[in-house]
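# Coordinates in review
Here is what each chain is made of, one letter per residue.
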Amino acid sequence: MQPSHRDTIAAIATAPGAGGIGIVRLSGPGSRDIGERICGRPLAARRAHHVRFHDADDEVLDDGIALFFPGPASYTGEDVVELQGHGGVAVLRALLGRCLELGARHARPGEFSERAFLEGRLDLAQAEAVADLIAAGDIRAARAARRTLEGDFSRRIDAIAEGLLAVRVHVEAAIDFADESLETLGGDGLRRRLVHLRIDLDQLMLEAERGRRLRDGLHAVIVGPPNAGKSSLLNALAGVDRAIVTDVAGTTRDLLQEVVRVDGVELTLVDTAGLRDGGDSIEREGMRRARSELDRADLAIIVLDARDVTGGTSVIADSIAGVPARLWLHNKIDLTDGEAAAVADGGTDRHLAVSALTGQGLEEVRKALAALAGGAPSSTEGSFTARTRHVDALRRSAVELAQAARHLELESLDLAAEALRAAHDTLGEITGVVRADDLLGSIFSSFCIGK
Ligand SMILES: Nc1nc2c(ncn2[C@@H]2O[C@H](COP(=O)(O)OP(=O)(O)OP(=O)(O)O)[C@@H](O)[C@H]2O)c(=O)[nH]1
Ligand SMILES: [K+]
Ligand SMILES: [Mg+2]
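Residues numbered from 1 in each chain as written. Chains lettered and ligands numbered in written order. Predicted model: local features only at pLDDT ≥ 70, side-chain atom pairs only at ≥ 80, totals over all residues.

## Thoughts on the packing of helix H7 (residues 187-216) against helix H12 (residues 388-409)
Relative to each other, H7 and H12 sit at 165°, their axes nearing to 9 Å. One element, H7, and the other, H12, form an angle in the roughly antiparallel class. The element H7 and its partner H12 pack so that their crossing is left-handed. Every residue of H12 that contacts H7 at Leu-190, Arg-191, Leu-194, Leu-197, Arg-198, Leu-201, Asp-202, Leu-204, Met-205, Ala-208, Glu-209 and Arg-212 is listed here: Thr-388, His-390, Val-391, Leu-394, Arg-395, Ser-397, Ala-398, Leu-401, Ala-404, Ala-405 and Leu-408. (Axes fitted to C-alpha atoms, helices over the stretch in contact; angles between N-to-C directions. Helix = DSSP H or I, 4+ residues; strand = E, 2+ residues; numbered from the N terminus. Parallel < 35°, antiparallel > 145°, perpendicular 65-115°, else oblique. Left-handed = near helix turned anticlockwise from the far one by under 90°. Contact = placed C-beta atoms within 7 Å.)

## Quick notes on helix H13 (residues 413-431)
Spanning 19 residues, H13 covers 28 Å between terminal C-alpha atoms, matching the ideal 27 Å at 1.5 Å per step. Gly-432 occupies a position one or two residues after H13 and carries a positive phi of about 90°. (Expected span 1.5 Å × (residues − 1).)

## Overview of the UniProt feature "binding site: (6S)-5-formyl-5,6,7,8-tetrahydrofolate" (unreviewed entry) in the chain
Taking the numbering used here, the UniProt-annotated feature "binding site: (6S)-5-formyl-5,6,7,8-tetrahydrofolate" (unreviewed entry) corresponds to Arg-25, Glu-82, Arg-121 and Lys-451. If near-sequence neighbours (up to four positions away) are discounted, Glu-82 is found in contact with Ile-23, Arg-25 and Leu-67. The class for Lys-451 is buried, based on 22 C-beta atoms found within 10 Å. Residues in contact with Lys-451, not counting those within four places in the same chain, are Gly-110, Phe-112, Ser-113, Val-130 and Ile-134. (UniProt positions renumbered as here; feature names shortened; annotations may be inferred. Buried ≥ 20, exposed ≤ 12 C-beta atoms within 10 Å, placed from the backbone.)

## Things to note about the packing of H12 against H13
Here H12 crosses H13 at 165°, and the two axes come no closer than 8 Å. One finds that H12 runs roughly antiparallel with respect to H13. The crossing of H12 and H13 is left-handed. Packed against H12, whose contacting residues are His-390, Ala-393, Arg-396, Ser-397, Glu-400, Leu-401, Gln-403, Ala-404, His-407 and Leu-408, the element H13 presents Leu-415, Ala-416, Ala-419, Leu-420, Ala-422, Ala-423, Thr-426, Leu-427, Glu-429 and Ile-430 at the interface. Here the contact of H12 with H13 is composed, by residue class, of twelve nonpolar, five polar and three charged. (Nonpolar A, V, L, I, M, F, W, Y, C, P; charged D, E, K, R; others polar.)

## Let's talk about the nonpolar core
Across soluble globular proteins, you tend to see nonpolar side chains buried next to one another. Counting residues in each nonpolar core, the largest one holds 78 residues, and the members touching the most others are Ala-10, Val-24 and Leu-420. Counting contributing residues, this core receives three or more from each of domain 1 (9-121) and domain 2 (135-212 + 387-446). Counting 43 residues, the second-largest nonpolar core is a separate cluster that includes Val-221, Val-323, Leu-327 and Ala-373. (Core = buried A, V, L, I, M, F, W, Y, C linked by C-beta atoms within 7 Å. Domains from an automatic or database assignment.)

## Some remarks on the sheet that holds strand S4 (residues 60-69)
The strand order across the open sheet formed by six strands is S3-S4-S5-S2-S1-S6, and the pairing between neighbours is mixed. On the outer flanks of this sheet lie strand S3 (49-54) and strand S6 (105-106), each paired with one strand and no other. Where strand S2 (residues 19-27) and strand S5 (residues 80-87) come together, eight bridges link them in antiparallel fashion. Bridge pairing in S5 places Ile-23 opposite Gln-84. Across the face of the sheet, helix H1 (residues 31-39) comes into contact with S2, S3, S4 and S5 while running at roughly 35° to S5. (Pairing = 2+ DSSP bridges.)

## Quick look at the UniProt feature "binding site: Mg(2+)" (unreviewed entry) in the chain
Taken from the UniProt record, the annotation "binding site: Mg(2+)" (unreviewed entry) applies to Ser-231 and Thr-252. For this annotated set, covering 22 residues, all C-alpha atoms fall within 7.6 Å of each other, a compact arrangement in space. Along the chain, the position of Ser-231 falls in helix H8 (residues 230-238). In this fold, Thr-252 is placed in the loop between H8 and strand S8 (256-262). Since 22 C-beta atoms lie within 10 Å of it, Thr-252 is described here as buried. Not counting chain neighbours up to four residues away, the residues in contact with Thr-252 comprise Lys-230, Ser-231, Ala-243, Asp-271, Thr-272, Ala-273, Gly-274 and Gly-286.

## Some words on the pairing of S3
Taken together, the six bridges between S3 and S4 define a ladder with antiparallel strand orientation. When the sheet's bridge partners are listed, His-49 is paired in S4 with Ala-66. Two successive antiparallel strands, S3 and S4, enclose a turn made up of five residues, where Asp-58 displays a positive phi of approximately 70°.

Written out as structure tokens, the structure reads:
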């Protein structure tokens with residue numbers, strides 16, 4: 001990329017509003033000169049200077065600390081200056097205004113991190129982790145974003161990309177010896193390496209998916225037959241009377257969303273219209289919305305009346321088939337003489353007995369939700385955050401890899417080489433080795449100003 005970013009940018013780097021300290025940050029070739037003119041003295045590298053900040057008429061705007069980080073060993077890789085003054089809006093605006101008068105340009109959102117990426121200080125997944133760290137809603141998500149920022153995720157991508165490159169080189173070389181059989185050219189070893197790459201990729205995809213849930217929170221949809229107690233459950237978990245509860249079947253028609261925190265993990269709960277055959281046109285629209293909400297669910301929480309478990313299951317079976325995980329709640333156990341239906345847990349399905357009315361069993365539900373949202377605290381040890389974009393790229397790469405294996409089986413080396421190149425490029429999208437400029441724009445524009 002052309003160094004079109006060779007101008008000097010400036011922005012208020014602290015959150016807007018009043019605060020003890022506020023920081024104006026500069027990056028680019030003019031940073032040092034602008035900083036020194038505002039401070040009225042030379043700035044030594046990586047030293048804290050207590051200075052007065054001056055305006056154009058040499059009036060004192062504020063006093064504070066000035067820091068100069070020469071490139072390339074700075075956040076952006078360019079010369080960076082930080083002016084730390086008092087955290088008032090007027091003072092910081094005046095300080096920023098003075099930087100602009102002296103030749104800096106106002107930074108776009110995320111432009112400091114974008115420069116860090118363009119200067120090779122961070123790869124794309126790491127740069128995204130900066131924003132994820134800032135936005136993290138709980139300490140587990142923050143720690144996981146930190147690991148991505150430190151390169152834990154990128155290193156795993158790079159290792160697979162390296163393995164892929166070696167296989168590509170091998171296949172491309174074999175193409176040049178078209179008259180020999182693939183076996184004599186080490187075809188067996190090639191296939192084995194491909195199998196190993198597939199295993200590594202699948203494992204990374206699982207972890208990235210977990211990392212995505214840590215970042216985005218779990219999207220859980222509450223479904224079940226009418227009157228099973230879905231809205232009562234939402235209210236009980238949210239701790240507020242959010243949804244209307246009545247004994248009339250078909251009370252809930254529209255989707256109702258509530259973000260709740262269980263054990264420090266954030267998850268989105270969506271209450272839906274009860275699923276049954278028939279119903280009026282409004283209720284049927286509600287059921288359609290419930291079903292389409294399930295398409296993007298990480299978890300289905302199926303609420304059944306414990307007194308009639310089988311009766312309620314048949315209408316919902318189809319709708320929940322594609323959801324990655326299911327939590328079955330046998331509700332209203334207060335009406336069953338403590339005789340909760342005997343049901344076994346298995347695989348991605350869990351069964352719990354509760355009463356949304358009395359609160360019995362709710363603690364178990366909270367634990368199960370926390371475990372599903374981020375894994376148990378111990379299982380998030382070492383995990384990193386990822387984004388939907390990353391998971392999607394891993395998935396596409398795995399598809400190409402499977403194609404390559406098939407072509408190799410049929411000894412179609414050209415097609416295998418093509419699929420391997422695609423798999424390799426797709427991985428490169430994650431770290432930004434391969435990139436489209438509009439992708440960069442959409443990633444960095446979601447950052448806050450000054451980062
Ligand atoms: N005894 C008892 N009653 C409950 C329990 N949970 C819900 N109910 C009652 O069951 C009725 C239906 O509850 P809702 O929460 O409206 O059920 P819903 O599944 O949202 O119903 P729809 O929105 O109509 O599909 C209400 O009268 C609730 O008070 C429970 O655990 N025990
Ligand atoms: K109801
Ligand atoms: Mg309801």
